[in-house]
Amino acid sequence: MDKELELFRALCDETRFKIVKYLLTGRKCVCEIVEKVGRAQPTVSLQLSKLEELGVVKSRREGKKVYYFISNQKVKGLLAKKDFSKWKGLDRREIEWYPIIDENKCIGCGMCVTSCGRNVFSFDSERNKAIVANPYNCMVGCTTCSVYCLQDAISFPDKEYVRNLIRKHGLLGKAKTELLKMKE
Ligand code: SF4
Ligand code: SF4
């Protein structure tokens, strides 16, 4: 059977879908999964076995507990599609954090285009230059592409810009609340 069709079939069942969504937040033991999805343990165990059979999850025994985690990157990508319009509840378009390319330095190596996981860049083949096509997809505070650019053609605002946002909008408190939610 077609691999992608198999994956969609794996996620078509409500219990399996709930399990996989929960596992997006990290590895979990069976009792945590049972509690979260609100189904009887035999049902959850059966669906976990199916997900394992279908190559969606893997399990690992640690002491007396068995932990499950998503092993299929395609499934992760499919379900983890992020909405980049907000950052910590703030309108992303009001945050001036994105890469700026110095065209005189860019040699069109493509490292930034092929490494950014948020589709921030595109490539102008005619001019052999990278372009910042979706600036507000950039993760606030991330500077990874500037590390990869051997020409030092990519720059970002000073990190104090982000730190001031954290102070101004009380984001430390929000982070604590998020942490607590992740444990639920
Ligand atoms: S990594 Fe630097 S040199 Fe390479 S395409 Fe991007 S900006 Fe240009
Ligand atoms: S800083 Fe990170 S998220 Fe932003 S464009 Fe570069 S690699 Fe992508």
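The structure under discussion appears in the preceding block.
Reading guide: rules and limits
Residue numbering note: each chain is counted from 1, following its sequence as written. Lettering for chains starts from A, numbering for ligands starts from 1, and both go in the order in which the items are written. Note on the predicted model: pLDDT of at least 70 is required for a residue's local features to be given, and 80 or more for side-chain atom pairs to be given and counted; whole-chain, interface and lining totals, by contrast, use all residues. Side-chain metrics rest on all non-hydrogen atoms present in the structure, leaving aside hydrogens and water. Note on definitions: the grid is 1 Å and covers protein atoms alone; a cavity is a set of points where a 1.4 Å probe fits but cannot get out; a pocket is an open set with protein on both sides within 12 Å along at least five of seven lines; lining residues have an atom within 4 Å of a point. Grid points are joined across faces, edges and corners, and a volume is the space filled by probe spheres set on the points. Helix and strand labels come from DSSP, where a helix needs a run of H or I of at least four residues and a strand needs a run of E of at least two; each type is numbered from the N terminus. Whether a residue is near a molecule or strand is decided by its heavy atoms; if any one of them lies within 4 Å of it, the residue is near. For a molecule to be placed in a cavity or pocket, more than half of its atoms must lie within 2 Å of the grid points of that cavity or pocket. Side-chain classes follow a simple rule in which Ala, Val, Leu, Ile, Met, Phe, Trp, Tyr, Cys and Pro form the nonpolar group, Asp, Glu, Lys and Arg form the charged group, and the remainder, Gly included, forms the polar group. A pair of strands is considered paired only if DSSP assigns at least 2 bridges between the two. When the centres of two rings from Phe, Tyr and Trp lie within 6.5 Å, Trp using its six-membered ring, the rings pair. Their planes under 30 degrees apart give stacked, over 60 give edge-to-face, and anything left gives tilted. When a residue's accessible area, from a 1.4 Å probe over protein chains only, is under 20% of the maximum for its type it is buried; when over 50% it is exposed; and in between it is partly exposed.

Some thoughts on the layout of surface pockets
Of the pockets and cavities examined, the second largest pocket occupies roughly 170 Å³. Lining the second largest pocket are 15 residues, and of these Cys116, Gly117, Cys142, Thr144 and Cys145 lie nearest its centre. If one sorts the elements of the lining of the second largest pocket by residue count, helix α7 (residues 144-148) sits on top with three residues.

Digging into the site of ligand 1
Taken together, the residues surrounding ligand 1 are Cys106, Ile107, Gly108, Cys109, Gly110, Met111, Cys112, Ala130, Cys149, Gln151 and Ile154. According to the grid-proximity analysis, the pocket containing ligand 1 is the largest cavity. Taken together, the residues that form the shell around ligand 1 break down as eight nonpolar, three polar and no charged.

Focus on the pairing of strand β3 (residues 65-70)
Regular strands place their side chains on alternate faces of the sheet. Relative to β3, strand β1 (residues 28-29) runs antiparallel, the two sharing two bridges. Residue pairing for β3: Lys28 is matched across the bridge by Tyr68. What sits between strand β2 (residues 57-62) and β3 in their antiparallel hairpin is a turn of two residues, with Gly63 showing a positive phi close to 65 degrees.

Observations concerning the packing of aromatic side chains
Scanning the model with the defined rule gives two aromatic pairs in all. For the ring pair Trp97 and Phe156, a centre distance of 5.4 Å and an interplane angle of 25 degrees mean the geometry is stacked. Pair noted here: Trp97 is in the loop between β5 (90-91) and β6 (100-101) and Phe156 is in the loop between β9 (154-155) and α8 (159-168), with a separation of 59 residues, a long-range link. Relative accessible area serves as the criterion here: at 17%, Phe156 is assigned to the buried category. Taking the centre distance of 5.7 Å and the plane angle of 85 degrees together, the rings of Tyr98 and Tyr136 count as edge-to-face. Remark: Tyr136 occurs in the loop between β8 (129-132) and α7 and Tyr98 occurs in the loop between β5 and β6; sequence separation between them is 38 residues.

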